[in-house]
Amino acid sequence: MKNFIKGLSLVLALSTVGLMNAQHKNHKNVRVTPETSTDFIPAIRLVNNPDGSCSFEKGKIPTLKHMNTTTFWMSNKTEEWEKNAHPAPRRQYVITIKGNIRFKVTDGSTFMIKPGTVLLAEDLKGSGHSWDMVKSKEWERLYIPIAENADDFFIPDAP
C-alpha cells in the first residue's frame, strides 16, 4: 500500500505539472517556474541502437522537474504477448508500484525493475524488449506518456 501511495503521488504531481503547463499556454499572465533539485530518482532507459536492436542504460531523473505530460493510466493485468519481445508503443515512463520485473534486451542482457526505479521506455523500433516477473505474481504499474519532442530528463550514469 505504501508503494501504491508513493506511485500515485508521483503521478498526481506529474499530472498537476501538465495541467499547470496547459494553463500557462492559455493564460499569458500565469508564470510557471520549474523547481530545481539536487535529488534524483534511479531510472533505466530502454533505447534503440542504430542497427535497430534494443539496449538499456542506467541513470537517474531529477526530482521536482516540470514534465510535459497530460495523462496516465494504471494496470495490473498482463497478457502473454506483453512478455514476448516488443518495442515500446510510445515514449513513456513506467512506474512500478508492486512487483519485481526482469527485462531482457536484444543482446540477452537483463536488468531488474522494482518499486522505486523508473523505467523510461524509448525503444520504439525493432524487436524491442521482453520481461518476466521474478518472485512476483502481479505487476502493478503506471504508464505516463511523454509528450512528443519533450525532454525525458534522463541523466545517464557516468561510464
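Values in this document were obtained by computation on a predicted structure and should not be read as measured data. Starting afresh in each chain, residues are numbered from 1 along the sequence in its written order. Per-residue local features are limited, in this predicted model, to residues with pLDDT of at least 70; the limit for side-chain atom pairs, both in listing and counting, is 80 or more; totals at the level of whole chains, interfaces and linings are taken over all residues. Side-chain metrics in this entry use all non-hydrogen atoms of the structure; hydrogen atoms and water are not considered.

**Re the overall build of the protein**
The criterion, for reference: Labels follow the DSSP assignment, with helices taken as runs of H or I lasting at least four residues and strands as runs of E lasting at least two, numbered in each case from the N terminus. Burial classification: accessible surface area is computed with a 1.4 Å probe over protein chains only, and a residue below 20% of its type maximum counts as buried, one above 50% as exposed, and the rest as partly exposed. Contacts: residue pairs with any heavy atoms within 4.5 Å of one another.
Check the secondary structure of the protein and you find two helices and 10 strands. Start at the N end of the protein and walk to the C end: the helices and strands fall as α-β-β-β-α-β-β-β-β-β-β-β. For the protein, with 159 residues in total, the buried portion stands at 38%. Taking as baseline every contact in the protein between residues at least 6 positions apart, the subset at least 24 positions apart corresponds to 77%.

**Observations regarding the packing of aromatic side chains**
In plain terms, the rule: Two rings belonging to Phe, Tyr or Trp (six-membered ring only in the last case) form a pair when the distance between their centres is within 6.5 Å. Interplanar angles under 30 degrees mark stacking, angles over 60 mark edge-to-face geometry, and anything in between is tilted.
Following the criterion strictly, the structure yields five aromatic pairs and no others. Residues Phe-103 and Phe-111 carry aromatic rings whose centres are separated by 5.2 Å and whose planes lie at 5° to one another, so their mutual orientation is stacked. Assessed through its relative accessible area of 5%, Phe-111 is described here as buried. Seen from their ring centres, Phe-103 and Trp-139 are 6.0 Å apart, and the 80° between their planes marks the pair as edge-to-face. Here the residue Phe-103 occupies a position in strand 5 (residues 101-104), and Trp-139 occupies one in the loop between strand 8 (130-133) and strand 9 (140-145), the gap between them amounting to 36 residues. Exposure remark for Phe-103: the relative accessible area of 1% places this residue in the buried category. Each member of the aromatic cluster is reached from another via a ring pair, and the members are Phe-56, Phe-103, Phe-111, Trp-131 and Trp-139.

**Some remarks on the side chain of Gln-92**
Just so we agree on the cut-off: We call two N or O atoms a polar contact when they sit within 3.5 Å, provided that within protein one can donate a hydrogen and the other can accept it, with sequence-adjacent residues counted only if both atoms are side-chain atoms.
Within the secondary structure layout, Gln-92 lies in strand 4 (residues 92-98). We classify Gln-92 as buried; its relative accessible area is 4%. At 2.7 Å, the side chain of Gln-92 forms a polar contact with the side chain of Arg-90. Ignoring any residue separated from it by four or fewer positions in sequence, one finds Gln-92 in contact with Trp-73, Leu-119, Leu-120, Ala-121, Tyr-143, Ile-144, Pro-145 and Ile-146.

**Quick word on the side chain of Thr-117**
Of note, Thr-117 is situated in the loop between strand 6 (110-113) and strand 7 (118-122). Residue Thr-117 is classed as buried on the basis of its relative accessible area, which comes to 19%. Excluding residues that lie within four positions of it along the chain, Thr-117 makes contacts with Pro-42, Ala-43 and Ile-44.

**Brief notes about the pattern of salt bridges**
Here is the rule we go by: By salt bridge we mean one thing: a side-chain nitrogen of Lys or Arg within 4 Å of a carboxyl oxygen of Asp or Glu.
All told, the structure shown has five salt bridges when counted by the stated rule. The partner of Arg-91 in a salt bridge is Glu-122, and the shortest N-O contact between them spans 2.9 Å. With Arg-91 in the loop between helix 2 (80-83) and strand 4 and Glu-122 in strand 7, this residue pair connects regions lying 31 residues apart in the sequence. By relative accessible area, Glu-122 is classed as buried at 15%. What you see here is one network of salt bridges that share partners, running through Arg-45, Glu-57, Arg-91, Glu-122 and Asp-152.

**A word on the environment of Glu-140**
In this structure, Glu-140 sits in strand 9. Each residue touching Glu-140, except ones within four places of it in the same chain, is listed here: Ser-75, Asn-76, Ile-95, Thr-96, Ile-97 and Lys-98.

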